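Report on the structure
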Amino acid sequence: MNNNLKRTKLYEKHKELGAKIVDFAGWEMPVQYSNLIEEHLTVRNNVGIFDVSHMGTFKISGIKSFDFLQKMIPNDLNRISKGKAIYTQFCKPDGTTIDDLIIYYLDDNLFYMIVNASNVEKDFNWLQNNIDNNVELENISNKTAIIALQGPRAEETLAKISD
């Protein structure tokens, strides 16, 4: 494996659990633990957990953060409430897509944005180049770990371990 590959904070746990690790966009990421068909069926019929910590994470805060994000995306942030998220995009003035992303509305004047791993620098620069006064922008990608639950029992499983 290439020695220049990045590792998520969960890398050692993946190795400990016997994951098959591959180069995925510059990251050492697990692709499977047992059998692809078995894992596929588990997610389709039960629940699967995925390490998506390679994704970029930005913290957007400040008294104008809502207004700033509202002008940066084509969706309406008013469609979501605190504790919810919206899937959206960054678009150029001509309407072409820069990247797709997810914005989490955590609290008044506090949002997290998840962007594609290969576009972290580009997306952060896009925000930075368009930033407003009274908005703070921080790339916290190296400080976070992200897991995703998927499958029909995802909500039930999450409810067992969180509020």
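Preceding this section is the structure that the text describes.
Residues numbered from 1 in each chain as written. Predicted model: local features only at pLDDT ≥ 70, side-chain atom pairs only at ≥ 80, totals over all residues. Heavy atoms only, no water.

**A short note on the pairing of strand β5 (residues 56–61)**
We count it as follows: When accessible area is computed with a 1.4 Å probe and restricted to protein chains, residues below 20% of their type maximum are described as buried, those above 50% as exposed, and intermediate ones as partly exposed. By definition, any uninterrupted DSSP run of H or I lasting at least four residues is a helix, any uninterrupted run of E lasting at least two residues is a strand, and each is numbered from the N terminus. Strand pairing is assigned whenever DSSP detects at least two bridges linking the two strands.
Counting buried positions along β5 gives five out of six residues, so the element sits mostly inside the fold. For β5 and strand β9 (residues 136–139), the ladder comprises four bridges, and the chain directions are antiparallel. The partner of F58 across the bridge, within β9, is N139.

**Comments concerning the sheet that holds β9**
Our working rule: What counts as an axis is a line fitted to C-alpha atoms, over the stretch in contact for a helix, and the angles between N-to-C directions run from 0 to 180 degrees. Residue contacts are defined here by distance: any two heavy atoms, one from each residue, within 4.5 Å place the two residues in contact.
Read from one edge to the other, the open sheet built from five strands follows the order β6-β7-β8-β5-β9, with strand pairing classed as antiparallel. On the outer flanks of this sheet lie β6 (84–91) and β9, each paired with one strand and no other. In this sheet, adjacent strand axes meet at a mean angle of 25° when their direction is disregarded. Here β5 runs beside strand β8 (residues 110–115); their pairing, made up of six bridges, is antiparallel. Residue pairing across strands places F58 opposite M113, the latter belonging to β8. Each of β5, β6, β7 (97–107) and β8 touches helix α3 (residues 65–72); the most contacted strand, β8, lies at about 30° to it.

**Concerning unusual backbone geometry**
Look at N109: it is not a glycine, yet its phi comes out positive at around 65°. For N109, the location among the structural elements is in the loop between β7 and β8. One non-glycine residue, N134, adopts positive backbone phi at about 65°. For N134, the location among the structural elements is in the loop between α4 (120–129) and β9.

**Focus on the packing of aromatic side chains**
Selection criterion: Each aromatic pair joins two rings of Phe, Tyr and Trp (for Trp, the six-membered one) with centres within 6.5 Å, and gets the label stacked for planes under 30 degrees apart, edge-to-face for over 60, and tilted for any other angle.
All told, the structure shown has four aromatic pairs when counted by the stated rule. Centre to centre, the rings of F58 and F124 are 5.2 Å apart; their planes meet at 65°, and the pair counts as edge-to-face. Of this pair, F58 sits in strand β5 while F124 sits in helix α4, and the two are 66 residues apart along the sequence.

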